[in-house]
Amino acid sequence: MCAGPAWADDDGDDAAPPAGLLAGKNKEDLPEVILSVGEPLGDPWHLKSGRYYEVEITADGSGEIGLEGAGFFRAIWVDEVVIRGLEVRPMGLHSIEFDRAGTMEIGFVAIKPGLYDLHIPGATGATQRLEIVIE
């Protein structure tokens with residue numbers, strides 16, 4: 001008689017906690033970004049390569065509004081995007097958009113050092129841009 005793998009009877013109670021990049025000690029919450037027509041996006045972010053970050057982005061419903069930042073999104077590894085409890089694990093992002101009020105959370109690892117930004121498409125004001133430094 002052949003025995004199955006050691007984990008065959010595992011009921012999940014002894015699951016190991018995340019390790020490495022996803023470990024709790026490597027995670028940092030960023031300040032919430034509020035998307036509101038004509039309002040500033042927030043203070044610059046200073047990130048460290050190899051660190052895991054989570055950010056909530058909330059639109060107040062004052063208009064259809066989005067953020068784009070292809071350079072930034074190529075410099076990070078997106079772990080997940082959570083919208084109303086639904087987790088999406090994309091290969092990458094180019095931009096996000098809110099058609100109405102709501103919140104999404106993005107979890108990511110900063111990878112490539114450099115100077116980046118997230119900005120509201122078509123906006124020209126300096127406050128409609130969030131500067132990001134990855135060290």
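Located above this text is the structure these notes cover.
All values reported here derive from a predicted model rather than from experimental measurement.

A word on the overall build of the protein chain. Within the protein chain, the secondary structure is distributed over 1 helix and 11 strands. Ordered by position in the sequence, the α and β elements of the protein chain form the string β-β-β-β-β-α-β-β-β-β-β-β. Across the 135 residues that make up the protein chain, the buried fraction comes to 34%. For the protein chain, restricting intrachain contacts to residue pairs at least 6 apart in sequence, the fraction spanning at least 24 positions comes to 73%.

All right, on to unusual backbone geometry then. Within the chain, R84 stands out as a residue other than glycine whose phi angle is a positive 50°. On the basis of relative accessibility, which here comes to 72%, the residue R84 falls in the exposed class.

Once the charged atoms of two side chains with opposite charge are near each other, the side chains can pair. The full count for this structure, using the stated rule, is 6 salt bridges. K48 is the partner of E135 in a salt bridge, and the nearest nitrogen-oxygen pair spans 3.2 Å. Of this pair, E135 sits in the segment after β11 (129-134) while K48 sits in the loop between β3 (45-47) and β4 (52-59), and the two are 87 residues apart along the sequence. A salt bridge links R89 to E87; the nearest nitrogen and oxygen atoms lie 2.9 Å apart. Judged by its relative accessible area of 49%, E87 is partly exposed. Connected via shared salt-bridge partners are D79, E80, E87 and R89.

Residue position: T103 is located in strand β9 (residues 102-110). On the basis of relative accessibility, which here comes to 36%, the residue T103 falls in the partly exposed class. When the C-alpha atoms of T103 and I57 are compared, they prove to be 5.6 Å apart, with 46 residues separating the residues in sequence. For T103, the contacting residues outside a window of four places in its chain are E56, I57, T58, V82, I83 and F98.

The subject of this paragraph is the packing of aromatic side chains. Evaluated as defined, the whole model comprises 4 aromatic pairs. Relative to F73, the ring of F72 has its centre 5.6 Å away and its plane inclined at 55°; by these criteria the two rings are tilted. Just as F72 is buried, F73 falls in that class too. By relative accessible area, which is 3% here, F72 ends up buried.

Calculation criteria
- Residues numbered from 1 in each chain as written.
- Predicted model: local features only at pLDDT ≥ 70, side-chain atom pairs only at ≥ 80, totals over all residues.
- Heavy atoms only, no water.
- Helix = DSSP H or I, 4+ residues; strand = E, 2+ residues; numbered from the N terminus.
- Buried < 20%, exposed > 50% of the residue type's maximum accessible area, 1.4 Å probe, protein only.
- Contact = heavy atoms within 4.5 Å.
- Salt bridge = Lys/Arg side-chain N within 4 Å of Asp/Glu carboxyl O.
- Phe/Tyr/Trp six-rings, centres within 6.5 Å; stacked < 30°, edge-to-face > 60°.

Treat this as a map of the structure, not an account of what it does.
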